[in-house]
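Per-entry structural report
In case you want the letters, here they are:
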Protein chains: 2
Amino acid sequence: MTDIDILDVKAGLEEENEGYARQVRAFLAEKDVRFINVMASPGAGKTTLLCRIIDAFKDKYSIGVIEADVDSDVDARTVQAHGAKVVQLHTGGSCHMDARMTLAGLKALCGEAASAGSSSDTALSSRPKLIFLENIGNLVCPAEFDTGADIKLVMLSTPEGDDKPLKYPLMFTVADIILVSKIDVAEIFDFSLERFEKNLRTVSNKARIFPLSAKTGKGLEEALRYLEQAADRK
Amino acid sequence: MTDIDILDVKAGLEEENEGYARQVRAFLAEKDVRFINVMASPGAGKTTLLCRIIDAFKDKYSIGVIEADVDSDVDARTVQAHGAKVVQLHTGGSCHMDARMTLAGLKALCGEAASAGSSSDTALSSRPKLIFLENIGNLVCPAEFDTGADIKLVMLSTPEGDDKPLKYPLMFTVADIILVSKIDVAEIFDFSLERFEKNLRTVSNKARIFPLSAKTGKGLEEALRYLEQAADRK
C-alpha cells in the first residue's frame, strides 16, 4: 500500500486552468482585444451595466459579450438587443467560468473558425475591441478562477450591504475595480460608501471604487472613462 | 492499460455527502430538533430574518443557529446578540455547506460532547428546538448539497429581480419555501410578485411563497406561523 500515488485533485485543476489562462492571454495579445471579467452577486446589475456600456461605446468600439449562465439565455437576448456581439455559454450547473470555457467563448466571438487564414478588412472591423465576460452571479467561486482577463471588475449593489468585503474577502481582494451599483438607493438600505471603503481596505489596497447608478446614469461617466483608457491601452 | 479503475470523483463526493445527510437526519430525529437550511444571495437579508425569528420565538423555543461563513464572524455576533445559541463554522473558501460540516455544527449546538451520558433537565431545556443553518450567500452551490435539513428555505430579495428562478433554476427547484424579502421596496426595483411566481412555476410546483419585509415586519407573521407548525410537527 506504500506505492500508491496520491493525487491532489484541486492542485491539478488549478494547474490546468493556469495553462488555459496563459492561452487566453496569448490570444488576447494576438488579436489586440481587451477582456474584462464582470463578477457580482445575482441581481447586482451586471446586465444593465453592460447595456449602458454598449450604448455608450457602440459608435467607437465593437463590443463582445460572453454570457455565462447556468442554464438560461435571458441576459444574452437583452445584451444582443443593445447591439453587442454575444456568445452564450451554458456552464451546466457549474458556479463559475474557468479559463477553458472562456477561451472557447473568446474564439467564438472573434470568429476564429470562420476567419481562419483570412485577414480581410471585414474580419478585422467586426472583431470586438472590448470583450466582457458576464460571469455567473456568485461572490465566491468566480473569484478563485483566473480567466485570463485584463481587468477583474466586481459590482456590489447597495442593497447587499457595505459589509460584503468582510464576508467575501477573496472576491474583493482580486478585484481591480469595484462598481458600487444602485447608489441612487443607498440611503434606503443604510449603505455607507465610507464604511464600504473602510471594510474594503482591510482586504485590498489596489481596487478603485466607482459609485454609480446604471438606472439614473449617475457616476457612469467615470467608470466609462476608465474602461476607455483600458481599451486604448497597448 | 485496460485494468485501470476510473474514479468518478463527483459521484464519490455525492455518495459521501448522502451518508452524512443520513446521519444528520438520524441525529435530528433522536434529539427531536427541526432543522432549516436558509439559502440566498449575499445581502438578501438572511441575518436580519433570523434576528426577527429569534425575537419572535425566544420565549417559546430555544433557537440555535449555525453560521456558515467563508471567513468572518460578523453575522454570528449579530445573531448571538438576539439571544440565539450560535456556532460559527468557517468553510475556508468553500462556497457551500455540506452534510459533514453541518453534522459537526449540530452536535456542537446540542452540546453532544458536554452532555454525553447525561439526560438532566438542564441539558434538555437548553437544547435548541429549532436550528437554522445560515448558509454561504450563494444561489448556485448550496443547492447541490443535501445537508439533511427538514426544510429548505430560500430567500430572494426584490432588488435581485423577479427573473431569478430562470437563471438559478436548481435553487428554486429544491426550495420548500421561498421568502421574498425587501417587499417594501419592490416597486423601486420593478419587482412583480406575479412575474416571479410565473417564473418560479416553470421550475417548481411545490415551493410556497411568503412575501415579507424583515425591516417593516410586513408579511412576517405568516412565515413565522409556517415555521411554528414545522417546529411543533412530530
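Residues numbered from 1 in each chain as written. Chains lettered and ligands numbered in written order. Predicted model: local features only at pLDDT ≥ 70, side-chain atom pairs only at ≥ 80, totals over all residues. Heavy atoms only, no water.

**Observations regarding the relation of the copies chain A and chain B**
The condition that has to hold: All copies are superposed by least squares; the fitting set is the C-alpha atoms of residues with a pLDDT of at least 70 in both.
For the pair chain A and chain B, the relating rotation is 180°, the translation along its axis is 0.0 Å, and the fit reaches an RMSD of 0.0 Å. Here the two chains are linked by the operation of a two-fold rotation axis. The C-alpha atom lying nearest the rotation axis in chain A is that of Asn138 of chain A; the distance is 2.9 Å.

**Thoughts on the sheet that holds strand 7 (residues 208-211) of chain A**
By way of backbone hydrogen bonds, the strands of a sheet pair with one another, either parallel or antiparallel. Residue and element names in this part refer to chain A. What counts is decided by this rule: Any two strands between which DSSP finds at least two bridges are classified as paired. Only DSSP runs of H or I with at least four residues qualify as helices, and only runs of E with at least two residues qualify as strands; both kinds are numbered from the N terminus onward. In this analysis, axes come from line fits to C-alpha atoms, helices being fitted only over the stretch in contact, and the angle between any two N-to-C directions falls in the range 0 to 180 degrees.
Here we have seven strands laid out as an open sheet, ordered 3-2-4-1-5-6-7, and parallel in their pairing. Of all strands in the sheet, those bounded by a partner on one side alone are strand 3 (85-90) and strand 7. This sheet shows a mean twist of 20° between the axes of neighbouring strands, independent of strand direction. Across five bridges, strand 5 (residues 151-157) lies against strand 6 (residues 177-181) in parallel orientation.

**What to know about helix 2 (residues 46-57) of chain A**
Selection rule: The span one expects for a helix is its residue count, reduced by one, times 1.5 Å. The buried label goes to any residue with under 20% of its type's maximum accessible area, the exposed label to any with over 50%, and the partly exposed label to all in between, with areas taken from a 1.4 Å probe on protein chains only.
Counted at 1.5 Å a residue, the expected span for helix 2 of chain A with its twelve residues is 16 Å, and the 16 Å between its end C-alpha atoms agrees. Buried within helix 2 of chain A we find Lys46, Thr47, Leu49, Leu50, Cys51, Ile53, Ile54 and Phe57 of chain A.

**Some thoughts on the interface of chain A and chain B**
Note the following rule: Whether two residues are in contact is decided by their heavy atoms, any of which lying within 4.5 Å being enough. Take the accessible area each of two parts loses on contact, using a 1.4 Å probe, and add the two losses: that sum is the buried area. The salt bridge criterion pairs a side-chain nitrogen of Lys or Arg with a carboxyl oxygen of Asp or Glu, the two atoms within 4 Å. Here a polar contact is taken to be a pair of N or O atoms separated by no more than 3.5 Å, where protein atoms must pair a possible hydrogen donor with a possible acceptor and residues adjacent in sequence count only if both atoms sit in side chains. For this classification, the nonpolar set comprises Ala, Val, Leu, Ile, Met, Phe, Trp, Tyr, Cys and Pro, the charged set comprises Asp, Glu, Lys and Arg, and every other residue, Gly included, is treated as polar.
Taken together, the contact pairs 33 residues of chain A with 33 residues of chain B. Both faces considered, chain A and chain B share a buried interface measuring about 2,400 Å² in area, 62% of it formed by carbon and sulfur atoms. On the surface where chain A and chain B come into contact, there are two salt bridges. Linking Asp75 of chain A and Lys167 of chain B is a salt bridge whose minimum nitrogen-to-oxygen distance equals 2.6 Å. Inspection of the chain A/chain B interface yields nine residue pairs in polar contact (both at pLDDT 80 or more). Every element with two or more residues in the side of chain A that touches chain B is listed here: helix 3 (74-81) and helix 6 (164-167) of chain A. Of the residues forming the side of chain A that touches chain B, the biggest block, three residues, is contributed by helix 6 of chain A. In the side of chain A that touches chain B, the residues fall into 15 nonpolar, eight polar and ten charged.

**Let's talk about the sheet that holds strand 6 (residues 177-181) of chain B**
Residue and element names in this part refer to chain B. Reading across the sheet, the seven strands line up as 3-2-4-1-5-6-7 and stay open at both edges, with parallel pairing between neighbours. Each edge of the sheet is formed by a strand with only one pairing partner; in this case those strands are strand 3 (85-90) and strand 7 (208-211). In this sheet, adjacent strand axes meet at a mean angle of 20° when their direction is disregarded. In the packing of helix 8 (residues 193-201) onto the sheet, the strands contacted are strand 5 (151-157), strand 6 and strand 7, and the crossing angle to strand 7 comes to about 160°. Each of strand 1 (34-39), strand 4 (130-134), strand 5, strand 6 and strand 7 touches helix 9 (residues 220-232); the most contacted strand, strand 7, lies at about 135° to it.

**Focus on the packing of helix 2 (residues 46-57) of chain B against helix 3 (residues 74-81) of chain B**
Residue and element names in this part refer to chain B. This is how the line gets drawn: By the definition adopted for this analysis, an angle is roughly parallel if under 35 degrees, roughly antiparallel if over 145, roughly perpendicular if from 65 to 115, and oblique otherwise. Left-handed is the label given to a crossing in which the near helix is rotated counterclockwise from the far helix by less than a right angle, and right-handed is the label when the rotation is clockwise.
As a packed pair, helix 2 and helix 3 sit with axes 9 Å apart at the nearest point and diverge in direction by 20°. For the element pair helix 2 / helix 3, the angle class is roughly parallel. Crossing of helix 2 over helix 3 shows right-handed handedness. Together, Thr47, Leu50, Cys51 and Ile54 of helix 2 and Asp75, Thr78 and Val79 of helix 3 make up the contact between the two elements. Per-class residue counts for the contact of helix 2 with helix 3 are four nonpolar, two polar and one charged.

**Describing the packing of helix 2 of chain A against helix 9 (residues 220-232) of chain A**
Helices that pack against each other are described as a pair by the angle of their axes relative to one another and the distance between those axes. Residues and elements named next belong to chain A. Between helix 2 and helix 9, the least distance of the axes is 11 Å, while the angle of their chain directions is 70°. As the angle between them shows, helix 2 and helix 9 are arranged roughly perpendicular. The chirality of how helix 2 crosses helix 9 is right-handed. Between helix 2 and helix 9, the contacting residues are Leu49, Arg52, Ile53, Ala56 and Phe57 on the first element and Leu220, Leu224, Leu227 and Glu228 on the second.

**Some remarks on the nonpolar core**
The tendency in soluble globular proteins is for nonpolar side chains to be buried as a group. Our working definition: By nonpolar core we mean a set of buried residues, namely Ala, Val, Leu, Ile, Met, Phe, Trp, Tyr and Cys, connected to one another through side-chain atoms within 4.5 Å.
Core analysis: the biggest nonpolar cluster contains 82 residues, and Ile66 and Phe172 of chain A together with Ile66 and Phe172 of chain B have the highest contact counts within it. Ignoring any residue separated from it by four or fewer positions in sequence, one finds Phe172 of chain A in contact with Leu139, Val154, Leu156, Lys164, Pro165, Ile178, Phe196, Leu200, Val203 and Ser204 of chain A. One finds Val38, Val65, Leu179 and Leu224 of chain B within the second-largest nonpolar core, a separate group that totals 33 residues.

**Brief notes about the pairing of strand 4 (residues 130-134) of chain A**
Residue and element names in this part refer to chain A. Burial of strand 4 is extensive: five of the five residues sit out of reach of the surface. Covered by surrounding structure in strand 4 are Leu130, Phe132 and Glu134 together with Ile131 and Leu133, the residues of both alternating faces. For strand 1 (residues 34-39) and strand 4, the ladder comprises five bridges, and the chain directions are parallel. Each bridged residue has a counterpart across the sheet, and for Asn37 the counterpart in strand 4 is Leu133.

**Quick word on the confidence of the model for chain A**
In regions of low pLDDT, the predicted coordinates are not meant to be interpreted in detail. Residue and element names in this part refer to chain A. Stated precisely, the cut-off is as follows: A residue's pLDDT is the predictor's confidence in that residue, given on a scale from 0 to 100.
Across chain A, pLDDT averages 89, with 90% of residues at or above 70. This stretch, residues 114-124, has a pLDDT under 50; its non-local contacts, to residues over four places away or in other chains, come to four contacts. Both scores are given for the predicted complex: the pTM is 0.89, the ipTM 0.86.

**Section: unusual backbone geometry**
Residues and elements named next belong to chain B. For Asp32, which is not a glycine, the phi torsion comes out positive at approximately 55°. Of note, Lys182 is a non-glycine position whose phi angle comes to about 55°, a positive value. Mapped onto the elements of the fold, Lys182 is located in the loop between strand 6 and helix 8. Owing to a relative accessible area of 14%, Lys182 belongs among the buried residues under this scheme.

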